[in-house]
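Residues per chain are reported as follows:
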Amino acid sequence: MSDGLLLGLDVGGTRTRALVASADGEALGWGESGAGNHEIVGYEGLQGAMGEAVNAALAAAAAQGNAAGVFLPVLAGGFGVAGFDWESERADTMAAIDRLGLGCPVSLVNDAALGLAAGSTEGWGVNVTAGTSNNCYARSPQGLEGRLAGGGALVGELGGASEIAAAALVAINHARLLRGPATALSKAFYRLAGKEDAASFIEAVTAGQVKVDASWAPLVFSAARGGDKVALGILHDAGRELGESAAAVARQACLSGRPFEVVLSGSLFSLGPWLEEGLEDFLRKAEPDACLVRLEAPPAVGAVILASEAFAAKEPGRVPDRSAFRARLLESVKCLSGAAAVNA
């Protein structure tokens, strides 16, 4: 086994997370930083977020008694980057990665691919991510891929926190206009905004004084837990949208009509059952042989698995088989401070 480290990064629209591991799959250190999506922070911000998370992971490894390991070379890196949606963005994204000075083989994918690498048994199937926004990625055993544009509501890809909060805003305004049913969302949203009623809240939103974004989505889940029918409907519809996207990328990868795993990743699935129920209702009819799998590990695990594959491509036979490597990584990451509860 080679002396060195494998590095995995999960770069998101809210947080960036880094995991370092030994070449045989022992998780050594975990680090976090802020948003790294270049659409939000630019490519300099992407580089900064990655560098901060990597340094934090190495420092955490040292603090937990793995000081010897952090001075070893990085053998390979796996990078799942939100905002890397098109090949035209590869050069700029790779330039930001190169400025980290790793000097090793790198695997670069959209962050939606990480859940599949971490959560699927054999590394193929479909991943559905519901976090700040949403995304889906599919891969067949033969390497055929399916993906979304990553454009969210702008291009009709719905189901993440941003889209759920936007749907709640519409429902609140419709209730105010007596166009739709009354909903507990109205009071929850206008109170958070510091307003006295729905009318003053909507006025502030339309005037640009209040911005409703992904961070408001947990209010919809809270209302659903209280039995609010409008909130329940929004979440079920969001789940159905995710199911439609999952079926679409499965068709692109020629998985349709056969058994395959659908990995559910992202923080929203942990907030309640409603997204999963809506997704499952759709897939039960569209892809009855699909099997839902909840990702119970940080997606950065998938990035380390991609790093191991990049290293194996350069040094055949010098890493363990995928199943053994993944099993050890999944088990050992549970012991890392900050990593165990993350799936976002």
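Asker: What am I meant to see in empty space enclosed by the protein here?
Answerer: To find leftover empty space, one rolls a probe the size of a water molecule over the atoms. This model, assessed by the stated rule, comprises one cavity of 30 Å³ or more. In terms of lining residues, the largest cavity is bounded by Phe84, Asp85, Asn110, Ala112, Asn135, Cys136, Tyr137, Arg147 and Leu148. Classifying every residue of the lining of the largest cavity gives five nonpolar, two polar and two charged.

Asker: Mind showing me how you'd approach the packing of helix H8 (residues 217-225) against helix H9 (residues 229-252) here?
Answerer: When two helices pack together, their arrangement is captured by the angle between the axes and the distance separating the axes. For the pair H8 and H9, interaxial distance at closest approach is 7 Å and the crossing angle is 120 degrees. As summarised for this structure, H8 and H9 are arranged oblique, according to the angle between their axes. Two packed elements cross with a definite hand, and for H8 against H9 that hand is left-handed. Residues Val220, Phe221, Ala223 and Ala224 of H8 form the contact with H9, whose own contacting residues are Ala231, Leu232, Ile234 and Leu235. In terms of residue class, the contact of H8 with H9 is made up of eight nonpolar, no polar and no charged.

Asker: Teacher, can you tell me more about the packing of aromatic side chains here?
Answerer: The geometry of an aromatic ring pair is captured by two quantities: the separation of the ring centres and the angle between the planes. This model, assessed by the stated rule, comprises four aromatic pairs. Between Phe189 and Trp216 the ring centres are 5.3 Å apart and the planes differ by 40 degrees, which places this aromatic pair in the tilted class. Here Trp216 lies in the loop between helix H7 (198-206) and H8 and Phe189 lies in helix H6 (residues 185-192), a separation of 27 residues in the sequence. Both residues of the pair, Phe189 and Trp216, belong to the buried class. Ring centres of Phe221 and Trp274 lie 6.2 Å apart, and the angle between their planes is 50 degrees; on these two criteria the pair is classed as tilted. One end of the pair, Phe221, is in helix H8; the other, Trp274, is in helix H10 (residues 274-286), with 53 residues separating them in the sequence. Since its relative accessible area comes to 0%, Phe221 is described here as buried. You can call Trp274 buried: its relative accessible area is 14%. An aromatic cluster of three or more residues is present, and its members are Phe189, Phe201 and Trp216.

Asker: Can you help me understand the side chain of Glu89 in this one?
Answerer: The residue Glu89 is located in the loop between strand S4 (74-81) and helix H3 (90-98) in this model. Arg147 provides the closest opposite charge to the buried, salt-bridge-free Glu89, at an N-O distance of 8.8 Å. Among the polar contacts made by the side chain of Glu89, one reaches the main-chain amide nitrogen of Asp85 at a distance of 2.8 Å. Those residues in contact with Glu89, other than ones at most four positions away along the chain, are His38, Glu39, Tyr43, Gly83 and Phe84.

Asker: Can you help me understand the nonpolar core in this one?
Answerer: One broad rule of soluble globular proteins: the nonpolar side chains tend to lie buried together. In this structure, Val126, Val128, Ile164, Leu185 and Phe201 are the most contacted members of the largest nonpolar core, which totals 51 residues. By residue number, the principal contributor to this core is H9, which donates ten residues. Not counting residues within four places of it along the chain, the set of residues in contact with Leu185 comprises Ala168, Ile172, Leu219, Val220, Ala223, Asp228, Val230, Ala231 and Ile234. Ranked by size, the runner-up nonpolar core spans 33 residues in total, among them Ala112, Val301, Leu306 and Phe325.

Asker: When you look at the pairing of S4 in this model, what are you seeing that I'm missing?
Answerer: Regular strands have side chains that alternate between both faces of the sheet. When you tally the buried positions in S4, you get seven out of eight residues, the bulk of the element. Bridge analysis of strand S1 (residues 5-11) against S4 gives seven bridges, and the strand direction is parallel. When the sheet's bridge partners are listed, Asp10 is paired in S4 with Gly80. As paired elements, S4 and strand S5 (residues 106-109) share four bridges and run parallel to each other. Bridge assignment links Gly80 to a residue of S5, and that residue is Val109. This β-α-β element, S4 to H3 to S5, shows right-handed connectivity.

Asker: Explanation requested: the environment of Leu235 in the structure shown.
Answerer: Tracing the chain through its elements places Leu235 in helix H9. Among the residues examined, Leu235 registers a relative accessible area of 0% and is labelled buried. As a C-alpha pair, Leu235 and Gly160 span 75 residues in sequence and 9.8 Å in three-dimensional space. When near neighbours in sequence (up to four residues on either side) are disregarded, Leu235 contacts Ile164, Val220, Phe221, Ala224, Trp274 and Leu275.

Asker: How should I be thinking about the sheet that holds strand S8 (residues 145-147) in this particular structure?
Answerer: Overall, mixed pairing links the five strands, which are arranged S8-S7-S6-S9-S10 in an open sheet. Strand pairing shows two members of the sheet lacking a second neighbour, S8 and strand S10 (290-294), which therefore form its edges. Adjacent strand axes in the sheet meet at a mean angle of 15 degrees, parallel and antiparallel pairs treated alike. Pairing of strand S7 (residues 134-139) with S8, which is carried by three bridges, proceeds in the antiparallel orientation. Bridging from a neighbouring strand, Tyr137 pairs with Arg147 of S8. The sheet contacts of H10 involve strand S6 (125-130), strand S9 (260-265) and S10, and relative to S10 the element is tilted by about 165 degrees.

Quick notes on the rules
Residues numbered from 1 in each chain as written. Predicted model: local features only at pLDDT ≥ 70, side-chain atom pairs only at ≥ 80, totals over all residues. Heavy atoms only, no water. 1 Å grid on protein atoms, 1.4 Å probe; cavity = no way out; pocket = protein on both sides within 12 Å on 5 of 7 lines; lining within 4 Å. Points joined across faces, edges and corners; volume = space filled by probe spheres on them. Nonpolar A, V, L, I, M, F, W, Y, C, P; charged D, E, K, R; others polar. Axes fitted to C-alpha atoms, helices over the stretch in contact; angles between N-to-C directions. Helix = DSSP H or I, 4+ residues; strand = E, 2+ residues; numbered from the N terminus. Parallel < 35°, antiparallel > 145°, perpendicular 65-115°, else oblique. Left-handed = near helix turned anticlockwise from the far one by under 90°. Contact = heavy atoms within 4.5 Å. Phe/Tyr/Trp six-rings, centres within 6.5 Å; stacked < 30°, edge-to-face > 60°. Buried < 20%, exposed > 50% of the residue type's maximum accessible area, 1.4 Å probe, protein only. Lys, Arg positive; Asp, Glu negative; His and termini not counted. Salt bridge = Lys/Arg side-chain N within 4 Å of Asp/Glu carboxyl O. Polar contact = N/O pair within 3.5 Å; in protein donor to acceptor, adjacent residues only side chain to side chain. Core = buried A, V, L, I, M, F, W, Y, C linked by side-chain atoms within 4.5 Å. Pairing = 2+ DSSP bridges. Right-handed = clockwise from strand over helix to strand, strands pointing away.

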